[in-house]
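The lines below spell out each chain.
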Amino acid sequence: MYLATRSAGPITDGERDAPPSAEKGGTDRSAVAALGLTSFFTDISTEMVTAVLPLYLVLHIGFDVADFGFFDGALAAATLVLLLAGGALADRWRRPKPVAFAGYAMSAGARLGLVVTSAPILWLFGDRIGKGLRVAPRDALIAHSADRASMASAFAVHRILDTAGAMLGPLLAFVVLWAVPGDFTLVFTISLIAAVVGLVVFWVGVPDARAEGAGSGPRLRLRDLEARGAVGRLSAAGALLGGATVSDGILYLVIWRTGDLDPSMFPLLFVGSALAYLVVAMPVGRLADRVGRVRLLVPAHIPLLGAYLVLALADSLTTPLILVVLMLHGWYFAMTDGIYAAAAAAITPAAARGTGIASVTFGVAVGRFCASAAFGFVWLRWGLDTALAVAIVGLVTAMIAARPLLRAAMDRDAR
Amino acid sequence: MKHRWAIIGATIVLALLVGTGAVFLAMERRSAELASREVAALEELAMVAELPMVAEPPADAAAPATETGLQGRLTAPPSSGGAPGDGSTTPTTTTPARAASTATPNGVSPAPVGGGVFDVGELVFVSRIPGDDYGTLGAIGSDGTRRSYDLECARAYAAAGVLLCLESAGMFVPAGTATVRSVNDETFPEIWQRPSGLPSRARVTPDGSQLAFTGFVAGHSYLDIGEFSTETIVATPTTRGMRAEHFSVASDEPRFGAIDGNWWGVSFEPGATSALLTYGTGPSIEIVRADLRDATIAPLGIEGGCPSVSPSGRYVVVKRPDPRIDAPLALILHDLETGEEQLLNEPRFVDDQVEWLDDDTILYALPRDNELIQPVFDIWALDIGADATATMVVPYADSPAVYRDSR
């Protein structure tokens, strides 16, 4: 079998701190496909519920929406903490698969809870905690399954399937509600079925990393390794660049307010970005593998800068201009979304990958969270023009400041 | 693990089968449920049809039913040529500033006097019989027979050869359309259409010269939770009209400049040159008067919302919270001449703009059940006398409109 061809011996002292370039055998396409399909079905499941949950809360539960927003925010913070925990656990147990599986199982359990008890709080808890837990070990599994020379391509395959699932989920939810109006339990049931399929695909299709040598040998901790500095600086650069990046939700709000857009078109903005993303994700992944994942991170923000400039300078946001903004935004996502994870995986020794990926993902997420809050504050306080100007200046500054931070990571990436 | 992709493939196929099966089962269950509700509704309607279509049996057997019975009043031809009860003070020939000309955008004109599918005095409504007819236009004739038309309206109003039909765009967006149609024949040819919000209120003047409608453009939808925003259009059969918020307000009071100000629920006054409507900002809700000739609005100092002016123009029924009533809003009869007010005896929550059957009786719809899908509404009648009680006059119906024609 394929896996048997991989080196399973203990890592020698000499290579234990080297980037995992010594791995041979090419990419385990089957494992990457299974990981992608897992995310595809899990995202269908999640987004089906996310799309209808506000409607459900208002119609059936009489839930206070302000409370819902508060819980949502608090849980987003909890997700970030669990992201670090998931990465650390995967490294400590040297087995990312069970940790990621536990995360997926929690999300599936949350659907079951929603079907049986109709309690949205339970859903939020289970789903967000599960998501936080599984992200880093799952990305570590993708990295383990990929040949180092095609790391970013493997992540691109995974993220494409992930995004496709996120697009399909709401569509499926509305088809179900169209066929049987008002039957939210049916939506939750279909969501549960999709989550279970994701679990099965993951359990059956993804080999445990222990068999791949990543988990064997002496226990390695990132903080004891030479790679620590590069990973730390990459995380800092991610936070810096992320700190100049408003969330897609806010960007769509800017488009909606600036352009004369019908509110019913609002969900289509997401579809526009996602389509642009899907088209370029694979070529961008290949390009990243050729020129170096880390090296691509600063240029990745040029499309975003372009989108900001169009929004700031356009007198009136016509439909073609909206499409340009969405396209640039989709490209920006293609150049960062899987690339950060691929970059972190490429510069971290296999046994510490969970921690490395979690650290970089955490940095970017915290940065983006702060950016959205700051942008919203400036927008409300001093107006949209000021907010966009601040965002542009901030982004250019971050791009310049991130370069020296990325140098160490770039060296390891090229090794 | 040799066959892992076979197992994965089998799982996906199984999930597709189970998922599709679950949807079809739910569809079956839903249509069976609707069918049984429809059967129950039709049985109940058949029972009602065997009774005389008079809500209150005439107390005096000698009195002819057509005079005292509600159904008789429903279909009795209006005196003095329609709604303006005291025709002496209301010149029926008054032409408002933006009155209807005969030319309409696509060559369709309102039905001529005495023509068309509705007779004067008939009650036009939206059917709330569960099943396929749910949400279609209906009418009830002088003999009490119920007619149904192949036209869907969430809310409708008809007068003087014109039908105003509001439709909802779907269940996920706070949007809809308002369509002005001729009642010439049962195809209800379209005169014009424009986008609106979620259907709320509709009115046409008895002379067919003016019409107005209100839709929710935010709130009532998941897109804008916590917001409430209405759009009210005053138009004519030939022009697509203007928004109430573009009327100039003849008042310096700061509340009329409020950023959260909303206009809704137009009710025309006799003569079709003025109308009452609601202005709300924050918790304050009041009735204002719009002059349609110069598009100005003046405050009236009447607290409340969703007015409905009586055919004579003397009274207006408004909705406002009242400590004597548990429901969030009570129906208050306000005398526009004396300013006297009287609480109407309806303890239930009327989420409707009431309609006047004649100068003594109002009509409104009330929900019968809490069904999420195809909830049942009934039309009730209430005398404006102090100790009257409401009676159900048309079961399984909503959006009452007494067809008038004063042309």
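Please read these numbers as outputs of a predicted model, since none were measured by experiment.

**Q** Just to check I follow, could you spell out the overall build of chain B for this structure?
**A** The number of helices and strands found in chain B is 3 helices and 25 strands. For chain B, the residues scored as buried account for 52% of the 407 residues in total. Accessible area of chain B: about 17900 Å², with a carbon and sulfur share of 56%.

**Q** Please clarify how a negative patch on the surface should be interpreted in this entry.
**A** On the surface, D132(B), D133(B), D150(B) and E152(B) cluster together to form a negatively charged patch. For D150(B), a relative accessible area of 78% gives the class exposed.

**Q** Which parts of the structure should I look at to understand the side chain of S191(A)?
**A** The topology assignment puts S191(A) in helix α7 (residues 184-205). Ignoring anything within four residues of it in the chain, the contact list for S191(A) reads S45(A), M48(A), V49(A) and R111(A).

**Q** Quick question: what am I supposed to make of the packing of helix α4 (residues 96-117) of chain A against α7(A) here?
**A** The relative placement of two packed helices comes down to the angle between their axes together with the axis-to-axis distance. All names here are of chain A. One way to put it is that α4 packs onto α7 with a least axis distance of 8 Å and a crossing angle of 165 degrees. In terms of orientation, α4 lies roughly antiparallel with respect to α7. In the packing of α4 onto α7, the handedness of the crossing is left-handed. Of α7, the residues touching α4 (which contributes K97, A100, F101, Y104, A105, A108, R111, L112, L114 and V115) are T185, F188, T189, S191, L192, A195, L199, F202 and W203. Counted by class, the contact of α4 with α7 contains 14 nonpolar, 3 polar and 2 charged residues.

**Q** Which parts of the structure should I look at to understand the confidence of the model for chain A?
**A** Do not read the predicted coordinates in detail wherever pLDDT is low. All names here are of chain A. In the predicted model, chain A carries a mean pLDDT of 85, and 86% of its residues have values of at least 70. Averaged over each element, pLDDT in chain A is lowest for helix α1 (residues 13-16) (43) and highest for helix α11 (residues 301-313) (95). Note on residues 1-24: pLDDT under 50 across the span, and 56 contacts to partners over four residues away in sequence or across chains. Within the model, the stretch residues 211-215 combines pLDDT values under 50 with 16 contacts to residues more than four positions away or in other chains.

**Q** Hey, could you run me through the packing of aromatic side chains in this one?
**A** A ring pair, where both rings are aromatic, is described by two values, the distance of the centres and the angle of the planes. This structure, assessed with the given rule, holds 14 aromatic pairs over all chains. With a centroid separation of 6.3 Å and an interplanar angle of 20 degrees, the aromatic rings of F101(A) and F202(A) are classed as stacked. Of this pair, F101(A) sits in helix α4 while F202(A) sits in helix α7, and the two are 101 residues apart along the sequence. Taking the centre distance of 5.5 Å and the plane angle of 55 degrees together, the rings of F118(B) and Y403(B) count as tilted. Here Y403(B) lies in the segment after β25 (397-402) and F118(B) lies in the loop between α3 (70-75) and β1 (123-127), a separation of 285 residues in the sequence. Classification of F118(B) as buried rests on a relative accessible area of 2%. On the basis of relative accessibility, which here comes to 2%, the residue Y403(B) falls in the buried class.

**Q** Sorry if this is basic, but what is going on with the pairing of β25(B) here?
**A** Residue and element names in this part refer to chain B. Buried residues dominate β25, accounting for 6 of its 6 residues. Pairing between β1 and β25: 4 bridges, direction antiparallel. Its bridge partner being in β25, V126 is matched across the sheet by D398.

**Q** Help me understand the sheet that holds β25(B), please; the structure alone is not making it clear to me.
**A** Pairing between the strands of a sheet is mediated by backbone hydrogen bonds and can be parallel or antiparallel. Residue and element names in this part refer to chain B. Strands sit in the order β3-β2-β1-β25 across an open sheet of 4 strands; the sheet is antiparallel. The sheet is open, and its two edges are formed by β3 (146-152) and β25, each paired on a single side. Each strand of the sheet is rotated relative to its neighbour by a mean of 25 degrees, with strand direction disregarded.

**Q** Honestly, the state of the cysteines in this entry has me stumped. Any pointers?
**A** Here a disulfide denotes a covalent bond joining the sulfur atom of one cysteine to the sulfur atom of another. Residue and element names in this part refer to chain B. Going through the model one piece at a time under the given rule, you end up with 1 disulfide over all chains. Covalently, C153 is tied to C165 through a disulfide, its sulfur atoms 2.2 Å apart. Taking the torsion about the sulfur-sulfur bond, which here is approximately -115 degrees, the covalent link between C153 and C165 counts as left-handed. Here C153 is found in the loop between β3 and β4 (155-159), whereas its partner C165 is found in strand β5 (residues 162-168), with 12 residues between them in sequence. Here C306 stays free of any disulfide, with the sulfur of C153 as its closest cysteine sulfur at 19 Å.

**Q** Explain the pattern of salt bridges to me, please; I cannot follow it from the model alone.
**A** Where side chains of opposite charge bring their charged atoms close, a pairing between them can arise. Inspection of the entire model under this criterion finds 31 salt bridges over all chains. Among the salt bridges present, the one from D337(A) reaches R159(A), with a minimum N-O distance of 3.8 Å. In this pair, D337(A) sits in helix α12 (residues 319-347) while R159(A) sits in helix α6 (residues 151-179), placing the two residues 178 residues apart along the sequence. The class for D337(A) is partly exposed, based on a relative accessible area of 28%. Its relative accessible area of 8% is what places R159(A) among the buried residues. Residue D405(B) is joined to R407(B) by a salt bridge in which the shortest nitrogen-to-oxygen separation is 2.9 Å. A relative accessible area of 11% means that D405(B) is categorised as buried. With a relative accessible area of 40%, R407(B) lands in the partly exposed category. Shared partners join several salt bridges into a network, and the residues in it are R138(A), D139(A), R159(A) and D337(A).

About the criteria used
- Residues numbered from 1 in each chain as written.
- Chains lettered and ligands numbered in written order.
- Predicted model: local features only at pLDDT ≥ 70, side-chain atom pairs only at ≥ 80, totals over all residues.
- Heavy atoms only, no water.
- Helix = DSSP H or I, 4+ residues; strand = E, 2+ residues; numbered from the N terminus.
- Buried < 20%, exposed > 50% of the residue type's maximum accessible area, 1.4 Å probe, protein only.
- Areas by Shrake-Rupley, 256 points an atom, 1.4 Å probe, with all protein chains shown as cover.
- Patch = residues over 30% accessible without salt bridge, like charges linked within 9 Å, V, L, I, M, F, W, Y side chains within 5 Å.
- Salt bridge = Lys/Arg side-chain N within 4 Å of Asp/Glu carboxyl O.
- Lys, Arg positive; Asp, Glu negative; His and termini not counted.
- Charge placed at Lys NZ, Arg CZ, Asp CG, Glu CD.
- Contact = heavy atoms within 4.5 Å.
- Axes fitted to C-alpha atoms, helices over the stretch in contact; angles between N-to-C directions.
- Parallel < 35°, antiparallel > 145°, perpendicular 65-115°, else oblique.
- Left-handed = near helix turned anticlockwise from the far one by under 90°.
- Nonpolar A, V, L, I, M, F, W, Y, C, P; charged D, E, K, R; others polar.
- pLDDT = per-residue confidence, 0-100.
- Phe/Tyr/Trp six-rings, centres within 6.5 Å; stacked < 30°, edge-to-face > 60°.
- Pairing = 2+ DSSP bridges.
- Disulfide = S-S within 2.5 Å.

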